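As a plain string of letters, each chain reads:
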Amino acid sequence: MKAIRVHAHGGPEQLRLEDIPLPEPAPDEIRLRTDVIGVNYVDVYHRTGSMPLPLPYTPGMDAVGTVDAVGADVTELAVGQRVAYAEAPGAYAEFVTVPVRLAVAVPPELDPRLAAAAMLQGMTAHYLAHDAHPVARGETVVVHAAAGGVGQFLVQFAKRAGARVVGTVSSDAKAALAAELGVDTVVRYDRDDFTAAVRAATDGAGAHAVYDSVGRRTFHASLDALRPRGSLVLFGQASGKTEPIDPFLLAQKGSLKLTWPTLTHHVLTREEFTTRAEAVFAGLLDGTLRARVDAEFALADAAAAHAHLERRASLGKVLLHHP
Ligand code: NDP
């Protein structure tokens, strides 16, 4: 089968289309023929080595496909079913084997492209808004990279929960999209001080929570944007890793809470995985949640897809297809 392989960490040119053997599912796995493959920012961290996977590997952490083989112990899904999966590597390929625990049936009435767009990014936004810091009505929360893949879903979940949302973006097109999604205060954090904007939007009090996927460039300003006892949910490092801090800083800045959660620990059982995925699918189907596909590339052009993401050009989900 055709697959993108990474043999050394580095730039997008490390993503090479190769022929590799068709994988066989283990007893607890299914094999999918991929229909729509998701591209996520974490794929960039894996490729550059900032969050390395053992080399060589096939990138890609989510996809929608059709089951074409099941392991001996699998009873939950069957050959021929359309399913979506997330949180296991190997999606940039014609076929991928994944634990059945991390796969869910896609409702027939749901566009598979939207299901793929909402899988890892929608489920991440779901746990961030409901578990990492559960958004409460009347709170003010900050969502960085609000027009990005996770950001768009997070804005929508926070608005649904009744929060006032401050969203940061780096271009006018992203600002317009964030406003359209319901962001109350849009801040161009590439040129304006977002901490000052948060203070202004909250009569000086600061935000109840900041969801920060940008990391190094925003981390300290995110702490400064919080009110006493506020929560910083750090969940990515698009601008680079943060420097270590003395935990006492959290006391000095107002008894703050700091967490660095991952989706892996919020889909620990098949039930938790399917409940979260089905909540996202239900929102897409009843119109309370919108998924935006930004760009689609051929599997062979995965390098161009990564370059698109890394130059901050995407406004939503980037997808791959094989012919
Ligand atoms: P996005 O579509 O959000 O793309 C990343 C965005 O980050 C860019 O569009 C850009 O938005 C912003 N950004 C800020 N600084 C930089 C920079 N120096 N280089 C590149 N981009 C920058 O990607 P995803 O939706 O796939 O992921 C969003 C974040 O969430 C990532 O950091 C990812 O690792 C993290 N994540 C974490 C998970 C977890 O469970 N912990 C799970 C899934 C994702 P702008 O131009 O507006 O600044």
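The rules behind the values
Residues numbered from 1 in each chain as written. Predicted model: local features only at pLDDT ≥ 70, side-chain atom pairs only at ≥ 80, totals over all residues. Heavy atoms only, no water. Phe/Tyr/Trp six-rings, centres within 6.5 Å; stacked < 30°, edge-to-face > 60°. Helix = DSSP H or I, 4+ residues; strand = E, 2+ residues; numbered from the N terminus. Buried < 20%, exposed > 50% of the residue type's maximum accessible area, 1.4 Å probe, protein only. Lys NZ or Arg CZ within 6 Å of the ring centre and 35° of its normal. UniProt positions renumbered as here; feature names shortened; annotations may be inferred. Near = heavy atom within 4 Å. Polar contact = N/O pair within 3.5 Å; in protein donor to acceptor, adjacent residues only side chain to side chain. Areas by Shrake-Rupley, 256 points an atom, 1.4 Å probe, with all protein chains shown as cover. 1 Å grid on protein atoms, 1.4 Å probe; cavity = no way out; pocket = protein on both sides within 12 Å on 5 of 7 lines; lining within 4 Å. Sits in = over half its atoms within 2 Å of the grid points. Contact = heavy atoms within 4.5 Å. Points joined across faces, edges and corners; volume = space filled by probe spheres on them. Nonpolar A, V, L, I, M, F, W, Y, C, P; charged D, E, K, R; others polar. Pairing = 2+ DSSP bridges. Axes fitted to C-alpha atoms, helices over the stretch in contact; angles between N-to-C directions. Salt bridge = Lys/Arg side-chain N within 4 Å of Asp/Glu carboxyl O.

Colleague: How would you explain the packing of aromatic side chains if you had to name every residue and give the values?
Modeller: In total, this model carries one aromatic pair according to the counting rule given. Relative to Tyr45, the ring of Tyr41 has its centre 5.5 Å away and its plane inclined at 65°; by these criteria the two rings are edge-to-face. One end of the pair, Tyr41, and the other, Tyr45, are both in helix α1 (residues 41-48), four residues apart, so they sit about a helical turn from each other. Given the relative accessible area of 25%, Tyr41 is considered partly exposed. The class for Tyr45 is buried, based on a relative accessible area of 9%. In this structure, Arg217 is placed above the aromatic ring of Tyr189, and the distance from its NZ or CZ to the ring centre is 4.8 Å.

Colleague: Describe in detail the UniProt feature "domain: Enoyl reductase (ER)" (unreviewed entry) in the protein, supporting the description with residues and values.
Modeller: As recorded in UniProt, the feature "domain: Enoyl reductase (ER)" (unreviewed entry) lies at residues 10-320. Helix makes up 31% of residues 10-320 and strand 25%, whereas the separation of the span's terminal C-alpha atoms amounts to 20 Å.

Colleague: Describe the site of the ligand, with residues and values.
Modeller: Near the ligand, the surroundings consist of 29 residues, among which Tyr45, Tyr127, Ser170, Lys174 and Tyr189 are the closest. Here an oxygen atom of the ligand and a side-chain polar atom of Lys174 are 2.6 Å apart. Take Tyr189: an N or O atom from its side chain is 2.4 Å from an oxygen atom of the ligand. If the ligand stood free it would expose 910 Å²; the protein chains cover 92% of that surface. Taken atom by atom, the bulk of the ligand overlaps the largest pocket.

Colleague: Describe the environment of Leu319, and please don't skip the residues or the numbers.
Modeller: Along the chain, the position of Leu319 falls in strand β15 (residues 317-321). Judged by its relative accessible area of 0%, Leu319 is buried. Sequence-wise, Leu319 and Thr97 are 222 residues apart; in three dimensions their C-alpha atoms are separated by 19 Å.

Colleague: Describe the environment of Gly38, with residues and values.
Modeller: Relative to the helices and strands, Gly38 is located in strand β3 (residues 29-39). Setting aside chain neighbours within four positions, we find Gly38 in contact with Asp43, Asp62, Ala63, Tyr92, Lys317, Val318 and Leu319.

Colleague: Go over the side chain of His266, please, and point to the residues and values.
Modeller: Inspection of the secondary structure assignment puts His266 in the loop between β13 (257-259) and α9 (270-286). His266 gets classed as buried once you look at its relative accessible area, which sits at 15%. Non-local contacts of His266, meaning those with residues more than four positions away in its chain, are made with Tyr127, Asp131, Pro261, Glu272 and Arg276.

Colleague: Which residues make up empty space enclosed by the protein, and what values go with them?
Modeller: Overall, the coordinates contain one cavity of 30 Å³ or more when judged by the stated rule. The volume enclosed by the largest cavity comes to roughly 40 Å³. If you go around the largest cavity, the residues you meet are Ala117, Gln121, Gly149, Gln152, Phe153, Arg290, Ala291, Arg292, Gly316 and Lys317. For the lining of the largest cavity, the element with the most residues is helix α4 (residues 149-160), which contributes three residues. Its residues assigned to classes, the lining of the largest cavity comprises three nonpolar, four polar and three charged.

Colleague: Got a sec to walk through the sheet that holds strand β10 (residues 185-188)? Specific residues and values, please.
Modeller: To summarise the sheet geometry, strands pair through backbone hydrogen bonds and adopt either a parallel or an antiparallel arrangement. Sheet architecture is open: six strands sit in the order β10-β9-β8-β11-β12-β13, paired in parallel fashion. Two strands close off the open sheet at either side, each with one partner strand: β10 and β13. Neighbour-to-neighbour, the strand axes of this sheet turn through a mean angle of 15°, independent of strand direction. Bridge count between strand β11 (residues 207-212) and strand β12 (residues 226-234): five bridges; the pairing is parallel. Looking across to β12, one finds that Val210 is bridged to Leu232.

Colleague: Kindly report on α1, identifying the contributing residues and their values.
Modeller: Restricting attention to buried positions, one finds in α1 the residues Asp43, Val44, Tyr45, His46 and Arg47. In the stretch just after α1, Gly49 is the one whose phi turns positive, near 95°.

Colleague: Any chance you could break down the pattern of salt bridges for me, citing the residues and the numbers?
Modeller: Within the structure shown, the criterion is met by 18 salt bridges. Across the salt bridge formed by Arg113 and Glu296, the nearest N and O atoms sit 2.8 Å from each other. With a gap of 183 residues between them, Arg113 in helix α2 (residues 112-118) and Glu296 in strand β14 (residues 293-298) connect regions that are remote in the sequence. Two residues, Lys159 and Asp184, come together in a salt bridge whose shortest N-O distance is 2.8 Å. With a gap of 25 residues between them, Lys159 in helix α4 and Asp184 in the loop between α5 (172-181) and β10 connect regions that are remote in the sequence. Taking relative accessible area as the criterion, Asp184 reaches 38% and is therefore assigned partly exposed.

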